[in-house]
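# Per-entry structural report
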Amino acid sequence: QATGEPDPAATGRAEQTGEPGPAAGGAEPAAASSAEPAGDDSSQADRRTVDPPAAAQSPPGPQPESAVRAPASPTPEDVSTGPALVWTEVPIDLGAGSNDSLELLSLGDGRILALARGESGKRLALTADGTAWSSVELPGGAFPHRIAVSGDRWVIASDHWDPGTEPPTADATRVHVSDDGGETWNELGLDAEREQGLPRHCVEQSAVQDVLASGEHVVVLMSLRRLLDIEAILAERGLIAAGTPATEWRRIGDTLTVRLGDPAEWDLGDEDQVLDVELGELGLTSEQLHDCDGYASGRVVVLAGGGSAVSRVAEYEGWVSSAVATEDGFALVVVADGEVRRLTSTDGLGWVRVATGESGYGTVARGRDGSIWLGENRDGFEISRGTVDSAPRLVAAFDTLEPLGVLSAGPAGVAASAWRLPEEFRDRITATTFTKDGYELRLSADGVSLWDVAGGVAVHEFSAEQMESDEPPEGVREERGDDGSVSVAFDDPATGEELVRFTEQDLMPDTDRIVATRKELFGPTGVPPIWIGWSDDGERWGWQDAAEAFGLAAGEGLTPFTLAVGSDFVLARVNSFDVAEAMAMAESPDAEEWRAGPPSSWRVRWFIARVP
C-alpha cells in the first residue's frame, strides 16, 4: 500500500511544483522497453517489454486455478479454464496511403491505434470497431516511438528527420501534445539541462524513454547516462589518429577493448579494428572512472505538467523497467543496483514509494477500471494484476508457456500470445555444459561448477554471486592472450596447478546440437507453436493454437503477431508464409538471398474475434 509519504530517497524540485518530489535520474529493455517499461491499455506507452537483469520469485500463498500443472506436452484444452475466441479474417485499409501496420496500441476505452507505415513515412490510424479506420495527422517530420492517449489528449515522443539534407539527418527526440485527438499539435519544451562540473572527457547523453498521460496530466521520462569520450582520450594519448572513430566495446577487469572505424563497416574477425588498452595507460582519474561509467551512471529524469508545459519534478538513479498510466495516475518501477523501487503519483508532480511485491519486470498493459496487467517470464508465463497504488498480484500462471511480449487489455478483457514449450525444452535447450580434457563445466542460474568426468565429482562449485564479483573466485583465473582473446583457467584446489583451460572458442554454444534439438521438438522449422490466450477477468483463460485459430493451411508458417483489445473484440495482425520456401531460402548457400527480404509468399493478414 502507498505510504502516503514522499519517497525518502528522493530530492525533487518542490519549489517548481509546490509538491514534495523524489530524487534524480534512464532502459533493454522494453518497453519497454522494454520496456520496457505506459499509456492507455496497451499502447506503446502501455505495453512495455524490458530485459531485466534478474527475475523475482512468485509471491507465497495459494496458486491460482490456472497455475495447476499441465501435462508435459499440453494441448490448449489441457490448460484452458475459460472459453477461447473465434477468429474471422477481415480486409483492413488503414487509409491515407498507409500500406502496413508497425504496431497496434489499445487505448483502453475500446479504441485501437495503429502506428502505420505509409509512402510519406510513419502515420497513425484509429478505429473504434476494428474494421473502419481514420487517419491521424502527425507533426511534420515526426517518427513516433512512444505514444500515450488519455481521452482526447494525445502525447507522442518522436524522432524528427530533415529530408532536405543528404543523407537525411535526425534531430533529438521531441515531444508533442494534442488536446483534440491529433487534429493539432504543440511541441513541449524539455528541460534537458546537462549536469555541470563533470570530469574531463566525460559526456552526458539524454533521450526521451517514455511518455504517459492521465487525464489532464502529462509525464515525460528522460534517461541520462554519463560516458567517457573514449575517442578523444585515445587521440590525446597518441594511441589513435585524430578523427579516427573509436567505440568502447567491452571491459574485462582493467582491460578496455575498443572497436575502431565506422560501426557500419565493422568486421568482427578483423584484428586491425580492435585495440586493447589497459585503463592504467589512459591516465584517467578515479572520478572519471567512477562518474563516467555508462553502465552504472544511469539516471531517470521525470518531467511533468498540465500538458502545455512540463518541468523537472524528480530524478532517480537507475533505469525504468516499466511505466504505466491509468485514470487514477501514474506508476513507475525503477531499478538501481539490483534494488526495485515502485513509485506512484496521482498527478505526476508528487511521487510516493509503495511496496513492490514480488513483481516489477515484464510486459505491462493498462486495462479497464484502472487495472494494470503485467506478463512475466518466470519459470513459465505468469500474469499479475494491480492498480496504480498497489503491487501486482499473481492471478494466472502457465509453466509450459513462454510469453512473446504481447499483452493487451481493455473493455473486452486481456489477450496475450506465448510459445508452447514441452517440459523437456528447457532442460535440453538451455542446459549449458562444456567438456574439455576430461572436465565438464556446468553453468546454471545458481552458479558454476567444474566436474571431473571420470571421477564423477565436482572439483569446484561457485555461486552466481561469487562469479559476478569484481574478482574471480579462488581457483579461477581469467587471462588475456597477446591476440586479445580471453580464456578461463581452473586450478587444482589442493596443489594450485592448472587443471583445464577453456578458451572463447571452447565456450561457444553448440549451435548444431541446438538446431537439431529444436527440429526434433518442433519439426522442420525448429520454431515452437504459438498460442493465443484470452481472459475476461485475467483468472480464467481460454487458449488456442494460433495456426488452427487463424485457419492456416498445411505448410503455412506464422511469425509472432500483434494483438490489441477493443470494446467488445480483439484484433490480430498476422504474418504468414510458405514454410518450404522460407526453409529453402534460409538453407541457401547464397546467404544474401534470404537476408534481402521475406519470402515471396509473405502475407499480412488481419483477424477479428468478438468476445463471448
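Scroll up to find the structure this text is about.
For clarity, every value in this text was computed on a predicted model and none was experimentally measured. (Residues numbered from 1 in each chain as written. Predicted model: local features only at pLDDT ≥ 70, side-chain atom pairs only at ≥ 80, totals over all residues. Heavy atoms only, no water.)

## A short note on the overall build of the chain
To keep things clear, this is the line we draw: What counts as a helix is a DSSP run of H or I of at least four residues, what counts as a strand is a run of E of at least two, and both are numbered from the N terminus. For accessible areas, the Shrake-Rupley method is used with a probe of radius 1.4 Å. Any residue's cover is judged against the shown protein chains and nothing else.
Broken down by element type, the chain carries 10 helices and 40 strands. Here the chain has roughly 27,700 Å² of accessible surface; of this, 49% comes from carbon and sulfur atoms.

## Re the pattern of salt bridges
Operational definition: The working definition used for a salt bridge is a side-chain nitrogen of Lys or Arg within 4 Å of a carboxyl oxygen of Asp or Glu. Each residue is placed in one exposure class: buried if its accessible area under a 1.4 Å probe, protein chains only, is under 20% of its type's maximum, exposed if it is over 50%, and partly exposed if it falls in between.
By the definition in use, this model includes 24 salt bridges. A salt bridge links R442 to E440; its shortest N-O distance comes to 2.6 Å. For R442, a relative accessible area of 33% gives the class partly exposed. Overall, the relative accessible area of 19% leaves E440 in the buried class. Among the salt bridges present, the one from D491 reaches R477, with a minimum N-O distance of 2.7 Å. In this pair, D491 is assigned in strand β33 (residues 486–491) and R477 in strand β32 (residues 476–480), connecting sequence segments 14 residues apart. Via salt bridges that share partners, R477, E479, D491, E498 and R501 belong to a single interconnected network.

## Focus on the sheet that holds strand β20 (residues 339–345)
The cut-off we apply is this: In this scheme, strands are said to pair when DSSP sees at least two bridges between them. A fitted line through C-alpha atoms serves as each axis, taken over the contacting stretch for helices, and the angle formed by two N-to-C directions is quoted from 0 to 180°.
Read from one edge to the other, the open sheet built from four strands follows the order β18-β19-β20-β21, with strand pairing classed as antiparallel. Bordering the open sheet on either side are β18 (319–326) and β21 (352–354), each of which pairs with just one other strand. Neighbour-to-neighbour, the strand axes of the sheet open up by a mean angle of 25 degrees, direction not taken into account. Pairing between β20 and β21: three bridges, direction antiparallel. Within the sheet, the bridge partner assigned to R342 lies in β21 and is V354.

## Digging into the sheet that holds strand β25 (residues 390–398)
The strand order across the open sheet built from four strands is β22-β23-β24-β25, with neighbouring strands paired in antiparallel fashion. Looking along the sheet, the strands with just one partner apiece sit at the ends: β22 (363–366) and β25. Direction aside, neighbouring strands of the sheet carry axes that sit 25 degrees apart on average. Strand direction decides the pairing type here: β22 and strand β23 (residues 372–377), joined by four bridges, are antiparallel. Its bridge partner lying in β23, T363 is registered against G375.

## Side note on the packing of aromatic side chains
Rule in force here: Stacked, tilted and edge-to-face are the three classes applied to pairs of Phe, Tyr and Trp rings, where Trp contributes its six-membered ring and a pair requires centres within 6.5 Å; stacked means planes under 30 degrees apart, edge-to-face means over 60, and tilted covers the rest. Charge-over-ring placement is defined geometrically: NZ (Lys) or CZ (Arg) within 6 Å of the ring centre, and within 35 degrees of the ring normal.
Under the criterion given, the structure shown has 12 aromatic pairs. Put simply, the rings of F381, F398, W531, W541 and W543 pair up and form one aromatic cluster. Across from the ring centre of W451, 4.1 Å away, lies the NZ or CZ of R442, which sits over that ring.

## Regarding the pairing of β18
Within β18, seven of the eight residues are buried, leaving the element largely enclosed by the surrounding structure. Inspection of the sheet shows β18 paired to strand β19 (residues 329–336) by seven bridges, in the antiparallel sense. Within β19, the position partnered with V324 by the bridge is A331.

## Remarks on the nonpolar core
The test is simple: Residue types Ala, Val, Leu, Ile, Met, Phe, Trp, Tyr and Cys, when buried and joined through side-chain atoms within 4.5 Å, form a set referred to as a nonpolar core. Only heavy atoms matter for contacts: two residues are in contact if any of them lie within 4.5 Å across the pair.
Residues W87, I532, F550, F561, L563 and V570 are the most contacted members of the largest nonpolar core, which totals 25 residues. Secondary structure elements with two or more residues in this core: β26 (401–410), β27 (413–420), β35 (530–535), α8 (546–549), β38 (562–565), β39 (569–578) and β40 (603–610). Ignoring any residue separated from it by four or fewer positions in sequence, one finds F550 in contact with W87, I532, L558, F561, A572, V574, R605 and F607.

## Here we look at a negative patch on the surface
The line we're drawing: For patch building, the residue pool is restricted to those with more than 30% relative accessible area and no salt bridge; the joining distance is 9 Å between like charges and 5 Å between nonpolar side chains (Val, Leu, Ile, Met, Phe, Trp, Tyr). When charges are counted, Lys and Arg are positive and Asp and Glu negative, with His and the chain ends excluded. The atom standing in for a charge is NZ when the residue is Lys, CZ when it is Arg, CG when it is Asp and CD when it is Glu.
On the surface, a cluster of negative charge is made up of D254, E278, E281 and E471. With respect to the element layout, E281 can be found in the loop between β15 (274–278) and α4 (286–291).

## Quick notes on helix α7 (residues 511–522)
Formally: Residue count minus one, scaled by 1.5 Å, sets the expected span of a helix.
An ideal rise of 1.5 Å per residue puts 16 Å on 12 residues; α7 measures up with 16 Å between its terminal C-alpha atoms. Downstream of α7 by a residue or two, G523 has a phi angle that is positive, lying close to 95 degrees.

## Things to note about unusual backbone geometry
The phi angle at H201 is positive, at roughly 60 degrees, despite the residue not being glycine. Within the secondary structure layout, H201 lies in the loop between β10 (186–187) and β11 (202–214). Exposure remark for H201: the relative accessible area of 18% places this residue in the buried category. At D437, a residue that is not glycine, the phi angle is positive and equals roughly 50 degrees.

## Quick notes on the environment of V155
Mapping V155 onto the fold places it in strand β7 (residues 153–162). A sequence separation of 57 residues divides V155 from L212, and the C-alpha atoms of the two residues are 7.4 Å apart. In this structure, V155 is in contact with R146, I147, A148, V175, H176, V177, V211, A213 and V218, ignoring residues within four places of it in sequence.

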